Amino acid sequence: MDRSGFISFIHSYQDRLCKILEDEDGAAKFSTDKWERPEGGGGITRIIENGRVIEKGGVNTSVVHGKVTPALEQQLQSKGHAFFACGLSVVIHPLSPMVPTVHANFRYFEMMNEGGDTTDSWFGGGCDLTPYYLFEEDVIHFHSKFNINSWYPAFKKNCDEYFVNKHRGERRGVGGIFYDYMRPDGKTDWLKFAKDNSEALIDAYIPIVRKRKDLSYTERHLHWQEIRRGRYVEFNLIHDRGTLFGLRSGGRTESILMSLPPRVRFNYNDQPEAGSEEAKLLSALKL
């Protein structure tokens, strides 16, 4: 595995994606927060807020290392004395409820023994779409951009099964791809795979933003957006491996929780009206 190649890639991609998103928003700019982790390593958190198109978003990179605790060993499902992890995470929460939220993460891990030798390594990542109103042509477009190799059917299935609020019996969104523990096998270039899917993110998401960002919406639409954002929060705090890894490894809380939307609702037993567009989305997400 090429550790340095992946680190170089995530930093250059972070710069390019932030520029693309700033141009699309047309008003807000990313702020940059470079941080260091006392246990080892650090990262670059870049946040955009209160824009014309993006209400809150983050494009973050981290390169961290440290000792493996029992909780971390259990979380990673791999044994070792020390770990190394680097990755890119993207979450964009648009202002308009007609524009979907998007999430992506591409990461690389190593486990080392007491002598510093690598005993295990793997790539993971994925990208998924979380709409508030269902435009079926957008879902088809999004998925088509990730259907670029023979891994797509399996990784689409992984995504459908992973991004699920099991306690509610509903998916977080309309899927995408998800993969983890992709270890070197001499057959697949996983670094190239991560790069290809990062490019697919741009091609999959930006055209949807352009198509939907100027559609009109009402307070009812915003109410529903906040209800669905509440489901997003539930998944991230209860089920998401990345969030749990970050918190259990002593990660930087502000950077980890930047994925949470700025406004949410947790109304008791909120149910959409039968036959409504809100009900149509919920029906599509139910298991």
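Preceding this section is the structure that the text describes.
The rules behind the values
Residues numbered from 1 in each chain as written. Predicted model: local features only at pLDDT ≥ 70, side-chain atom pairs only at ≥ 80, totals over all residues. Heavy atoms only, no water. Salt bridge = Lys/Arg side-chain N within 4 Å of Asp/Glu carboxyl O. Helix = DSSP H or I, 4+ residues; strand = E, 2+ residues; numbered from the N terminus. Buried < 20%, exposed > 50% of the residue type's maximum accessible area, 1.4 Å probe, protein only. Core = buried A, V, L, I, M, F, W, Y, C linked by side-chain atoms within 4.5 Å. Contact = heavy atoms within 4.5 Å. Pairing = 2+ DSSP bridges. Axes fitted to C-alpha atoms, helices over the stretch in contact; angles between N-to-C directions. Expected span 1.5 Å × (residues − 1). Phe/Tyr/Trp six-rings, centres within 6.5 Å; stacked < 30°, edge-to-face > 60°. Lys NZ or Arg CZ within 6 Å of the ring centre and 35° of its normal. Polar contact = N/O pair within 3.5 Å; in protein donor to acceptor, adjacent residues only side chain to side chain.

Draft legend 1. Here's a closer look at the pattern of salt bridges. Taken as a whole, this structure holds 28 salt bridges when the rule is applied. With a shortest N-O distance of 3.2 Å, Asp15 and Arg46 are connected by a salt bridge. Taken together, the residues span a long stretch of sequence, with Asp15 in helix 1 (residues 3-25) and Arg46 in strand 2 (residues 41-49) at a distance of 31 residues. Its relative accessible area of 45% is what places Asp15 among the partly exposed residues. For Arg46, a relative accessible area of 14% translates into the label buried. Taken together, the shared-partner salt bridges in this structure form one network comprising Glu55, Glu226, Arg229, Arg263 and Arg265.

Draft legend 2. The arrangement of the nonpolar core in detail. Core analysis: the largest hydrophobic core is formed by 59 residues, its most contacted members being Phe6, Phe146, Leu201 and Tyr205. Of the residues forming this core, the biggest block, 12 residues, is contributed by helix 5 (residues 190-212). What Phe6 contacts, discounting residues up to four positions off in sequence, is Cys86, Gly87, Phe106, Arg107, Tyr108, Phe123, Leu191 and Ala194. Judged by nonpolar contacts, the second largest core, of 12 residues, contains Val68, Leu72, Leu76 and Phe83.

Draft legend 3. Seen up close, the sheet that holds strand 5 (residues 101-112). Across the sheet, seven strands lie side by side as 1-2-3-4-5-6-9; this open sheet has antiparallel pairing. Edge positions in the sheet fall to strand 1 (31-36) and strand 9 (175-182), since each has one partner strand and no second. Taking each pair of neighbouring strands and ignoring which way they run, the sheet shows an average axis angle of 5 degrees. By the bridge criterion, nine bridges tie strand 2 to strand 3 (residues 54-67) in an arrangement that is antiparallel. Bridged to Ile47 within strand 3 is Gly58. Packed on one face of the sheet, helix 1 meets strand 2, strand 3, strand 4 (82-94), strand 5 and strand 6 (118-130) and runs near 170 degrees to strand 3. With respect to the sheet, helix 7 (residues 241-248) is in contact with strand 4, strand 5 and strand 9, its orientation differing from that of strand 9 by roughly 45 degrees.

Draft legend 4. Here's a closer look at unusual backbone geometry. The phi dihedral of Tyr181 falls on the positive side, at around 55 degrees, and the residue is not glycine. Inspection of the secondary structure assignment puts Tyr181 in strand 9. Although it is not a glycine, Asn269 sits at a positive phi angle of roughly 50 degrees. You can see Asn269 is positioned in the loop between helix 8 (253-256) and helix 9 (277-285).

Draft legend 5. How the structure looks around helix 1. The terminal C-alpha atoms of helix 1, which comprises 23 residues, lie 33 Å apart, in line with the 33 Å expected from a rise of 1.5 Å per residue. Gly26 sits one or two residues past helix 1 and shows a positive phi near 80 degrees.

Draft legend 6. Seen up close, the packing of aromatic side chains. By the definition in use, this model includes 21 aromatic pairs. Pairing Trp151 with Phe155 gives two aromatic rings, centres 5.2 Å apart and planes at 10 degrees, and the pair type is stacked. Residue class for Phe155 comes out buried when judged on its relative accessible area of 3%. Considering the side-chain rings of Trp190 and Phe193, the 5.2 Å spacing of their centres and the 75 degrees angle between planes classify their relative orientation as edge-to-face. Residue Trp190 and its partner Phe193 are located together in helix 5, separated by three residues, close to a single helical turn. A relative accessible area of 3% places Trp190 in the buried class. Among the aromatic residues, ring-to-ring pairing joins Phe6, Phe9, Tyr13, Tyr108 and Phe123 into one connected group. In this arrangement the basic side chain of Arg3 is found over the ring face of Phe84, its NZ or CZ atom lying 3.8 Å from the centre.

Draft legend 7. Quick peek at helix 7. Buried within helix 7 we find Thr243, Leu244, Phe245 and Gly246. Buried-residue contacts for helix 7 involve helix 2 (70-76), strand 4, strand 5, helix 6 (219-238) and helix 8. You can read the cap of helix 7 off the contacts: a side-chain oxygen lies 3.2 Å from the backbone nitrogen of Gly242, and it is on Asp240. Trailing helix 7 by a residue or two, Gly250 shows a phi angle of about 75 degrees, which is positive.

Draft legend 8. Representation of the pairing of strand 1 within the structure. Summarising the sheet, strand 1 and strand 2 pair through six bridges and their orientation is antiparallel. Bridged to Ser31 within strand 2 is Ile47.

Draft legend 9. Main features of the side chain of Glu226. On the secondary structure map, Glu226 appears in helix 6. A distance of 2.8 Å separates a polar atom in the side chain of Glu226 from a polar atom in the side chain of Arg265. In this structure Glu226 touches Arg263, Val264 and Arg265, once residues within four positions along its chain are discounted.

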